Structures are given as C-alpha cells and as structure tokens.
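Understanding the architecture of this molecule
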Amino acid sequence: MSRDWRPSVRVRQRLAQDGYAVFPYAPEVAAWAEAAQVAGNAVLKQGGDFRHGRTWFVGVDALPNAPDGGIAGVPLAGPFQDHVTAPAQWHRAQLSVVFPGYPQQDQGESDAAHRYRRIRDAAHVDGLLPEGPDKRRHLREPHGFILGLPLDDVAASPLVVWPGSHLMMRETFATAYAGIPPARWGDLDVTEVYQTARRKVFDSCVRVEVQAKPGQAILLDRHLLHGVAPWAAGAPGEMRMIAYFRPQVDVAEWL
C-alpha cells in the first residue's frame, strides 16, 4: 500500500483541506477523558459561569489539569500529539458543558445575538474577542490550535464546523493585517471584515456537526469557523461535556 495512505498522512491532508480532524478511539485518550469527567462533575457542583438561562457552563480554565496536561495522574496523550506542537505548559482546559434547552436567551442579550446563536450556532473564530458596548472584534488571544476532548457522548449538542473555512478566514486576516507589525494587530478593529468573511463562509461552505465520543479527539485549525449546535429536541441525556485546550502562541505565528 502507498505510504500516502498512512493514517498520519491522511490526518495532515484532512487538516490542510478541511481544517479539522477527528481521531479514532485511543485507550490513552479514553483514560484521560474518564479522569477529566470525574473532575468536571466536581467542578460543576462548585458553580461558576453559567449562561443562556443556565443551559451552558462556559468553564474557561475550569478543569484542574496539571501543567503537563495530565489530570488525576492520567497523562494527556494520544494520536493527536503527532499533529500539534505542545506548549511548554498546558493551560487549564475549558470545561464546556451544554444542557437540555440550549440556548435560552439571557437577560440583556439582544434578539439578534440570540438568533445568531440559535440559527448560526454562534459560529466564530477563537481569539477575536468582542470589546466595548458595541462588541468590536480585536485579536487578543492568538491560539496555535484547538484540541477538543469529549468527556461524554456529545451527539445532543455537537461541535459544528464549516470545512474549508480556515482557508477563507486566514486569507481575510492576512489581507487585513498586511503591512501592520504583528505587535499592533490587536489594535486593529476587524469587526466588518470578520463579519463579511463569515457570511461568505455560510454561503460557500457546508455546515457539519462533528460527532465524537470519549476516547476520541477533535483537532481544529486555529482559523476554522466553528460553533455549538442547539440541544436537539428530545435528545436524551442530562448534559454534554467537552474539554478544550487552546494554547496561545506569539501573535506573529498566528498567520
């Protein structure tokens, strides 16, 4: 068989073309997910940042993993390691938990924002933070990649991606930041170009719901447009839980 069809080559091709890859079940990933789920349930009992009528626990930096990524003595390991540059220290992972009925409309949330969350899955590129009363977008958190690790069956409210959107978004930002020193990229308001690029993605890329279970890993290109599907009507289960790692890189590396 041609070496071009080795699993690692196929993953690289998938990441380059579609901007994401879902890895098959691996026992070391399953062991980590089992330990992280126990820790995650303990975190939920402590309360925290619930939004959208308490149907989403944001959980930024909420998972108590160690700097090496391990949790409760279980190391962070898996086939995804061949496709990322691990940071010197892993940050505490986000514990993103969605509950039945997601998303409800929060008090103070505009009708337009709530509609975008319901109809467009709150699709976004990570690191472009909304600032000020008008939610103007600025690059504040340049990530190297996004690694999602399901801690239970996520079918009721899966991650949503638009394959190929990473290429369109990267071209958009490369044009927007052209001629500007990387240290000043965060000063530039990219709201309009970002919104225009998202509309082009919706018109030209297919929406895909990413199904995965504990023991699998999901790797996203940092420029991929992605979001969260509303909780499916009648879907069983009390919650769906995913841990996300987004190691930051020097802003000059972001493009």
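Please refer to the structure higher up on the page.
In this report, we go over the structure that sits alongside the text. (Residues numbered from 1 in each chain as written. Predicted model: local features only at pLDDT ≥ 70, side-chain atom pairs only at ≥ 80, totals over all residues. Heavy atoms only, no water.)

Some details on the overall build of the chain
Heads up, the rule is: A run of DSSP states H or I qualifies as a helix once it reaches four residues; a run of E qualifies as a strand once it reaches two. Both are numbered from the N-terminal end. Radius of gyration here uses only the C-alpha atoms, and the compact-globule reference equals 2.2 Å multiplied by the residue count raised to the power 0.38. To sort residues, take the accessible area from a 1.4 Å probe on protein chains only and compare it with the maximum for the residue type: under 20% means buried, over 50% means exposed, and anything in between is partly exposed. By the convention used here, residues are in contact when the closest approach between their heavy atoms is within 4.5 Å. Under the convention used here, a 1.4 Å probe and the Shrake-Rupley method define accessible areas, while residue burial counts only the protein chains that appear. Only four residue types enter the charge count: Lys and Arg as positive, Asp and Glu as negative, with His and the chain ends excluded. A single reference atom marks each charge: NZ on Lys, CZ on Arg, CG on Asp, CD on Glu.
If you tally the helices and strands in the chain, you get five helices and twelve strands. The C-alpha atoms of the chain give a radius of gyration of 18 Å, which matches the 18 Å a tight globule of 255 residues would have. Counting across all 255 residues of the chain, residues that qualify as buried make up 48%. Contacts in the chain between residues far apart in sequence, at least 24 positions, make up 84% of those at least 6 positions apart. Accessible area for the chain stands at about 12500 Å²; split by element, carbon and sulfur atoms hold 51% of it. Distance between charge centroids for the chain: 3 Å, based on 27 positive and 28 negative side chains.

A short note on the pattern of salt bridges
Operational definition: Each salt bridge in this description consists of a side-chain nitrogen of Lys or Arg and a carboxyl oxygen of Asp or Glu lying within 4 Å of one another.
Evaluation of the coordinates by the stated rule reveals nine salt bridges. A salt bridge links Glu192 to Arg136; the shortest N-O distance between them is 2.8 Å. Taken together, the residues Glu192 in helix α5 (residues 191-204) and Arg136 in strand β6 (residues 136-139) connect sequence positions 56 residues apart. Under the relative-accessibility criterion, Glu192 is labelled partly exposed at 44%. When the shortest N-O distance is used, the salt bridge between Arg207 and Glu209 registers 3.1 Å. Under the relative-accessibility criterion, Arg207 is labelled partly exposed at 36%. When its relative accessible area of 37% is taken as the criterion, Glu209 is described as partly exposed.

Looking at the pairing of strand β4 (residues 94-98)
Regular strands place their side chains on alternate faces of the sheet. Inclusion rule: If DSSP finds at least two bridges between two strands, the strands pair.
Within β4, five of the five residues are buried, which leaves the element mostly enclosed by the surrounding structure. Residues Gln94, Ser96 and Val98 point to one face of β4 and Leu95 and Val97 to the other, with burial holding for every one of them. Where strand β3 (residues 56-57) and β4 come together, two bridges link them in antiparallel fashion. Within β4, the residue paired with Trp56 across the bridge is Val98.

Points about helix α2 (residues 27-45)
What counts here: The span expected for a helix works out to 1.5 Å for each residue beyond the first.
Helix length check: α2 (19 residues) gives 28 Å between terminal C-alpha atoms against 27 Å at 1.5 Å per residue, within 8%. Among all positions in α2, only Val29, Ala30, Trp32, Ala33, Ala35, Ala36, Ala39, Gly40, Val43 and Leu44 are buried. Tucked inside the fold, the buried residues of α2 contact β2 (50-51), β3, β4, β7 (146-150) and β12 (240-245). Downstream of α2 by one or two residues, Gly47 has phi in the positive range, about 80 degrees.

So, the packing of helix α4 (residues 165-176) against α5
Operational definition: Note on geometry: axes are C-alpha line fits, over the in-contact stretch for helices, and angles between N-to-C directions span 0 to 180 degrees. Reported orientations rely on four angle classes, namely roughly parallel under 35 degrees, roughly antiparallel over 145, roughly perpendicular from 65 to 115, and oblique for the rest. Two helices cross in a left-handed way if the nearer one is turned anticlockwise from the farther one by less than a right angle. They cross in a right-handed way if the turn is clockwise. Only Asp, Glu, Lys and Arg are considered charged in this grouping, and only Ala, Val, Leu, Ile, Met, Phe, Trp, Tyr, Cys and Pro are considered nonpolar; every other residue, Gly among them, is considered polar.
With their axes 10 Å apart at the nearest point, α4 and α5 run at an angle of 155 degrees to one another. Relative to α5, α4 is oriented roughly antiparallel. In this structure, α4 meets α5 at a crossing whose hand is right-handed. Of the residues in α5, those touching α4 at Ser165, Met168, Met169, Thr172, Phe173 and Ala176 are Val193, Tyr194, Ala197, Arg198, Lys200, Val201 and Ser204. Residues belonging to the contact of α4 with α5 are distributed by class as follows: eight nonpolar, three polar and two charged.

Some details on the nonpolar core
Heads up, the condition is: What makes a nonpolar core is a set of buried Ala, Val, Leu, Ile, Met, Phe, Trp, Tyr and Cys residues whose side-chain atoms join them at distances within 4.5 Å.
Trp32, Phe57, Leu63, Leu95 and Leu149 are the most contacted members of the largest nonpolar core, which totals 35 residues. Counting residues per element, the ones that place at least two in this core are α1 (7-18), β1 (20-23), α2, β4, β7, β10 (217-220) and β12. Top element by residues in this core is α2. It accounts for eight residues. Those residues in contact with Leu149, other than ones at most four positions away along the chain, are Val29, Trp32, Leu76, Phe80, Gln216, Ala217, Ile242, Ala243 and Phe245.

Points about the environment of Gly215
Turning to its location among the elements, Gly215 is positioned in the loop between β9 (208-210) and β10. The spatial distance from the C-alpha of Gly215 to the C-alpha of Gln81 is 14 Å, given a sequence separation of 134 residues. If near-sequence neighbours (up to four positions away) are discounted, Gly215 is found in contact with Pro24, Tyr25, Ala26, Val29, Ala30 and Ala33.

Taken by themselves, the reported measurements are silent on function.
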